[in-house]
Amino acid sequence: KIYGGQTKTDRILRTVVYPSYGVDDAQADAVIIVSYTFDQDSHRLDSLMSGHGTANEQLLVQHVLEELAILHELDIEFLRDQFIDHWAWDWYSNPYSGGELMIPSR
């Protein structure tokens, strides 16, 4: 198991962020940020973000699981069994962020 930290790769996922809290609670689900990408890399992935449950997002999940299996040398069936749900987010297209986190100043 990986507790906290990040894995950076030149593969499509680019950055995987691992949780460092709640990982010792057997009753809680662990959450990882599987792909934190920027610029052109993010546009490739956000082209598959068309709504939860759509064929495009199912393809996105499939790609992410395949990449995680390769990155961590795991059986993809194991990852499918562990997978509960996903939440895809495109910061670039979000009207409140416009591709960046903006903090108002006084």
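Residues numbered from 1 in each chain as written. Predicted model: local features only at pLDDT ≥ 70, side-chain atom pairs only at ≥ 80, totals over all residues. Heavy atoms only, no water.

Asker: Residue-level account of the pattern of salt bridges, with values.
Answerer: According to the stated counting rule, one finds two salt bridges in the structure shown. The salt bridge partner of Glu67 is Arg11, with a shortest N-O separation of 2.7 Å. Residue Glu67 is found in helix H2 (residues 55-71), and its partner Arg11 is found in the loop between strand E1 (6-8) and strand E2 (15-17); the two are separated by 56 residues along the sequence. According to the relative accessible area criterion, Arg11 is partly exposed, its value standing at 32%. (Salt bridge = Lys/Arg side-chain N within 4 Å of Asp/Glu carboxyl O. Helix = DSSP H or I, 4+ residues; strand = E, 2+ residues; numbered from the N terminus. Buried < 20%, exposed > 50% of the residue type's maximum accessible area, 1.4 Å probe, protein only.)

Asker: How would you explain the environment of Gln27 if you had to name every residue and give the values?
Answerer: Structurally, Gln27 is set in the loop between E2 and helix H1 (39-46). Classification of Gln27 as exposed rests on a relative accessible area of 74%. On a C-alpha basis, the gap between Gln27 and Leu71 in space is 27 Å, while along the polypeptide they are 44 residues apart.

Asker: Quick one: what's the story with H2, residue by residue and with numbers?
Answerer: In this model, H2 (17 residues) spans 24 Å end to end at C-alpha, consistent with the 24 Å of a helix rising 1.5 Å per residue. Three or more residues of H2 are buried, namely Glu57, Leu60, Val61, Val64, Leu65, Glu67, Leu68 and Ala69. In this structure, the buried residues of H2 make contact with E2, H1 and helix H3 (76-82). Just past H2, the residue Glu73 takes up positive phi, approximately 50°. (Expected span 1.5 Å × (residues − 1). Contact = heavy atoms within 4.5 Å.)

Asker: Pulling in residues and values, what's your account of the side chain of Thr7?
Answerer: Summarising the element assignment, Thr7 is placed in strand E1. A polar contact is formed between the side chain of Thr7 and the side chain of Tyr18, at a distance of 2.8 Å. Setting aside residues up to four positions removed in sequence, Thr7 forms contacts with Arg14, Thr15, Val16, Tyr18, Leu71 and His72. (Polar contact = N/O pair within 3.5 Å; in protein donor to acceptor, adjacent residues only side chain to side chain.)

Asker: Break down the side chain of Thr15 for me, citing the residues and quoting the values.
Answerer: If you trace the backbone, Thr15 turns up in strand E2. Residue classification places Thr15 among the buried residues on the basis of a relative accessible area of 9%.

Asker: Got a sec to walk through the packing of aromatic side chains? Specific residues and values, please.
Answerer: Scanning the entire structure with this criterion turns up one aromatic pair. Where Trp87 meets Trp89, the ring centres are 5.3 Å apart and the plane angle is 45°; that geometry is what we call tilted. (Phe/Tyr/Trp six-rings, centres within 6.5 Å; stacked < 30°, edge-to-face > 60°.)

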